[in-house]
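# Structural overview for review
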Amino acid sequence: NAGVTQTPKFQVLKTGQSMTLQCAQDMNHNSMYWYRQDPGMGLRLIYYSASEGTTDKGEVPNGYNVSRLNKREFSLRLESAAPSQTSVYFCASTEDRGRTEAFFGQGTRLTVV
Amino acid sequence: EDQVTQSPEALRLQEGESSSLNCSYTVSGLRGLFWYRQDPGKGPEFLFTLYSAGEEKEKERLKATLTKKESFLHITAPKPEDSATYLCAVQRGGSYIPTFGRGTSLIVHP
């Protein structure tokens, strides 16, 4: 049982490049989330999807887009990467939006130079 | 605005030396308070959810308690494998999005 799988684990981008972070969960969860984690800032929510077919902005959505491809997959896209987007990105899922136990992926460490 | 403050930022203990981590919060109508453990290079791992003042939950050497203003994570006789960053988060009633604190980095020396 893999849980939440993120790809890639590491990525270096040049300013202005684009990329998509992939996330898949195999727990049949309805809700999925993208967070970023920066030193001294804690986890901050970028976007979330309460259920298949819906997406909503979180605390720090600027510069990002998301796609809930199906129930399993939730991707995060950086259209034009900036150094300020250097961070560790985590995908998470919950059984539904009312459940409090979240399962996190291993993270993607992104560096924008 | 919901706020979560964790203290201390870092804590070093000797194996067997019990201590507590603090999470103080400001939230309008608490729906739930969560504790997570995060190992270096890994994603957070869920530990506990507390819903109301006076509630307590235990798991191995960890015990979480909740009052109306703060939560404590008590670590009894810690072992080196308890070394990790411990994250606290709160969720407001009517919202399904948690607000995380910055975490407490715990190192337990053998």
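Figured I'd write up the structure that's included with this text. All of these numbers come straight from a predicted model, not from anything done at the bench. By convention here, each chain's residues receive numbers from 1 onward along its written sequence. Whichever chain is written first becomes A and whichever ligand is written first becomes 1, with later ones labelled in order. With pLDDT at 70 or above as the cut-off, local features in this predicted model cover only qualifying residues; side-chain atom pairs require 80 or more to be listed or tallied, and sums for whole chains, interfaces and linings still use all residues. Heavy atoms from the whole structure form the basis of all side-chain values; hydrogens and water molecules are not counted.

## Describing the overall build of chain B
The secondary structure content of chain B amounts to zero helices and eleven strands. Counted from the first residue to the last, chain B has its helices and strands arranged as β-β-β-β-β-β-β-β-β-β-β. The globule rule used here is 2.2 Å times the number of residues to the 0.38 power, and the radius of gyration it is set against is calculated over C-alpha atoms. Against the 2.2 N^0.38 benchmark of 13 Å for 110 residues, chain B shows a C-alpha radius of gyration of 13 Å, consistent with a compact globule. Along the first, second and third principal axes, the C-alpha set of chain B runs to 45 × 30 × 20 Å. Accessibility here uses a 1.4 Å probe with only protein chains present; expressed as a share of the type maximum, an area under 20% marks a residue as buried, one over 50% as exposed, and anything in between as partly exposed. Burial statistics for chain B: of 110 residues in total, 45% are counted as buried. Once the 13 positive and 14 negative side-chain charges of chain B are each reduced to a mean point, those two points are 4 Å apart. To qualify as a helix, a DSSP run of H or I must reach at least 4 residues; to qualify as a strand, a run of E must reach at least 2; elements of each kind are numbered from the N terminus. The charged-residue count follows a simple rule in which Lys and Arg add positive charge and Asp and Glu add negative charge, with His and chain termini not counted at all. By convention, charge coordinates are those of NZ in Lys, CZ in Arg, CG in Asp, or CD in Glu.

## Quick word on the packing of aromatic side chains
Aromatic rings in a pair are described by how distant their centres are and how their planes are angled relative to each other. The pairing test for Phe, Tyr and Trp rings, Trp by its six-membered ring, is centres within 6.5 Å, and the orientation test on the planes gives stacked under 30 degrees, edge-to-face over 60, and tilted for anything in between. The full count for this structure, using the stated rule, is nine aromatic pairs over all chains. For the ring pair A:Tyr35 and A:Phe104, a centre distance of 5.7 Å and an interplane angle of 40 degrees mean the geometry is tilted. Taken as a pair, A:Tyr35 in strand 4 (residues 31-38) and A:Phe104 in strand 10 (residues 103-104) lie far apart in primary sequence, 69 residues in all. Note on accessibility: A:Tyr35 and A:Phe104 belong to one class, buried. Between A:Phe104 and B:Tyr36, the aromatic rings sit 5.6 Å apart at their centres with planes inclined by 85 degrees, giving edge-to-face as the arrangement. Pair noted here: A:Phe104 is in strand 10 and B:Tyr36 is in strand 4 (residues 30-38), and the two residues belong to different chains. The pair formed by A:Phe104 and B:Tyr36 is uniform in burial state, with each residue classed as buried. Cluster of aromatic residues (ring-pair linked, three or more members): A:Tyr33, A:Tyr35, A:Tyr48, A:Phe90, A:Phe104, B:Tyr36, B:Phe46 and B:Phe100.

Geometry only, nothing functional implied.
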